[in-house]
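Chains, contacts and geometry: an overview
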Amino acid sequence: GPSSLVARIGSREQAFGLSPNRAIREAVAHASSVSVRGTSHDALIDPTLSLWRARVARCFSHDSDRESCQRDAAQLEAMASAVDGGRDPIASLGNPKRLAYRSTIDQKPSEFARYVPPGYEKIGNKKYPLIVALHGLNGRPMSMLQWIFGHDDGSHDAEWEDRHIANLGPLG
């Protein structure tokens, strides 16, 4: 990203140094240093951490939404700390969860969203419905969940909605 901002007034120039936000920089560095190899979920954890690292790293040069950058950096730091502590980093994510799997086509992280309703229990033989929503080309998984639950915001685009996820809950 840019290392300085130059302001010109008439024939005078003034350069101002730019430095990435410390929390964002530290979260990316911490997440880059953790190893998930050998864990029971590394097929999901590794691409999910890669996805979040890339999201937060974009804050250095492509993102002016500082509130979302700070929130994403805090989430990335929580995931990296969970890995360091031997805990499941996916559990540290809120609900809905922004996850990724490694594509077998290009080996890049492919993003998806998962929402598990409150009260869901893995115990016993209780059956739960599964809803699969394919968000499509250029779609955004989290904004798709907003739409499914009736929380889409016509005054903002899908990119904004993808970053500002509402508290989701069933309609009705």
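Just so it is clear, the structure is predicted and the values come from calculations on it, not from any experiment.

Examining the nonpolar core
- L49 and L76 are the most contacted members of the largest nonpolar core, which has 22 residues in total.
- Those elements that place two or more of their residues in this core are α1 (22-33), α2 (42-57), α3 (66-84) and β3 (97-102).
- Setting aside anything within four residues of it in sequence, one finds L49 in contact with V34, V36, L76, M79 and V83.

Some details on the pairing of strand β4 (residues 109-114)
- Pairing of β3 with β4, which is carried by 6 bridges, proceeds in the antiparallel orientation. In the strand pairing of β4, R102 is matched with P109.

Observations concerning the packing of α1 against α3
- Here α1 crosses α3 at 30°, and the two axes come no closer than 8 Å. If you check the angle between α1 and α3, you find them roughly parallel. The two elements α1 and α3 cross, and the hand of that crossing is left-handed. Judged by residue contacts, A23, I24, E26, A27, V28, H30 and A31 of α1 engage R66, C69, Q70, A73, L76, E77, A80, S81 and D84 from α3.
- In the contact of α1 with α3, the residues fall into 9 nonpolar, 3 polar and 4 charged.

Considering the confidence of the model for the protein
- Mean pLDDT over the protein: 77, with 81% of residues reaching 70 or higher.
- Predicted confidence in the protein is weakest over strand β2 (residues 12-17), with a mean pLDDT of 64, and strongest over β3, with 88.

Examining the state of the cysteines
- As enumerated under the stated definition, the model contains 1 disulfide in all.
- Across a sulfur-sulfur distance of 2.2 Å, C59 and C69 are joined as a disulfide pair. Handedness of the C59-C69 disulfide follows from its S-S torsion of about -100°: it is left-handed. Linking C59 in the loop between α2 and α3 with C69 in helix α3, this pair joins segments that are 10 residues apart in sequence. In terms of burial, C59 and C69 fall into one category: buried.

A closer look at helix α4 (residues 141-148)
- P141, M142, S143, L145 and Q146 are the residues of α4 that are buried.
- Buried residues in α4 make contact with β3, β4 and α5 (158-163).
- Positive phi shows up at G150, right after α4, with a value of about 75°.

Definitions and cut-offs
- Residues numbered from 1 in each chain as written.
- Predicted model: local features only at pLDDT ≥ 70, side-chain atom pairs only at ≥ 80, totals over all residues.
- Heavy atoms only, no water.
- Core = buried A, V, L, I, M, F, W, Y, C linked by side-chain atoms within 4.5 Å.
- Buried < 20%, exposed > 50% of the residue type's maximum accessible area, 1.4 Å probe, protein only.
- Helix = DSSP H or I, 4+ residues; strand = E, 2+ residues; numbered from the N terminus.
- Contact = heavy atoms within 4.5 Å.
- Pairing = 2+ DSSP bridges.
- Axes fitted to C-alpha atoms, helices over the stretch in contact; angles between N-to-C directions.
- Parallel < 35°, antiparallel > 145°, perpendicular 65-115°, else oblique.
- Left-handed = near helix turned anticlockwise from the far one by under 90°.
- Nonpolar A, V, L, I, M, F, W, Y, C, P; charged D, E, K, R; others polar.
- pLDDT = per-residue confidence, 0-100.
- Disulfide = S-S within 2.5 Å.

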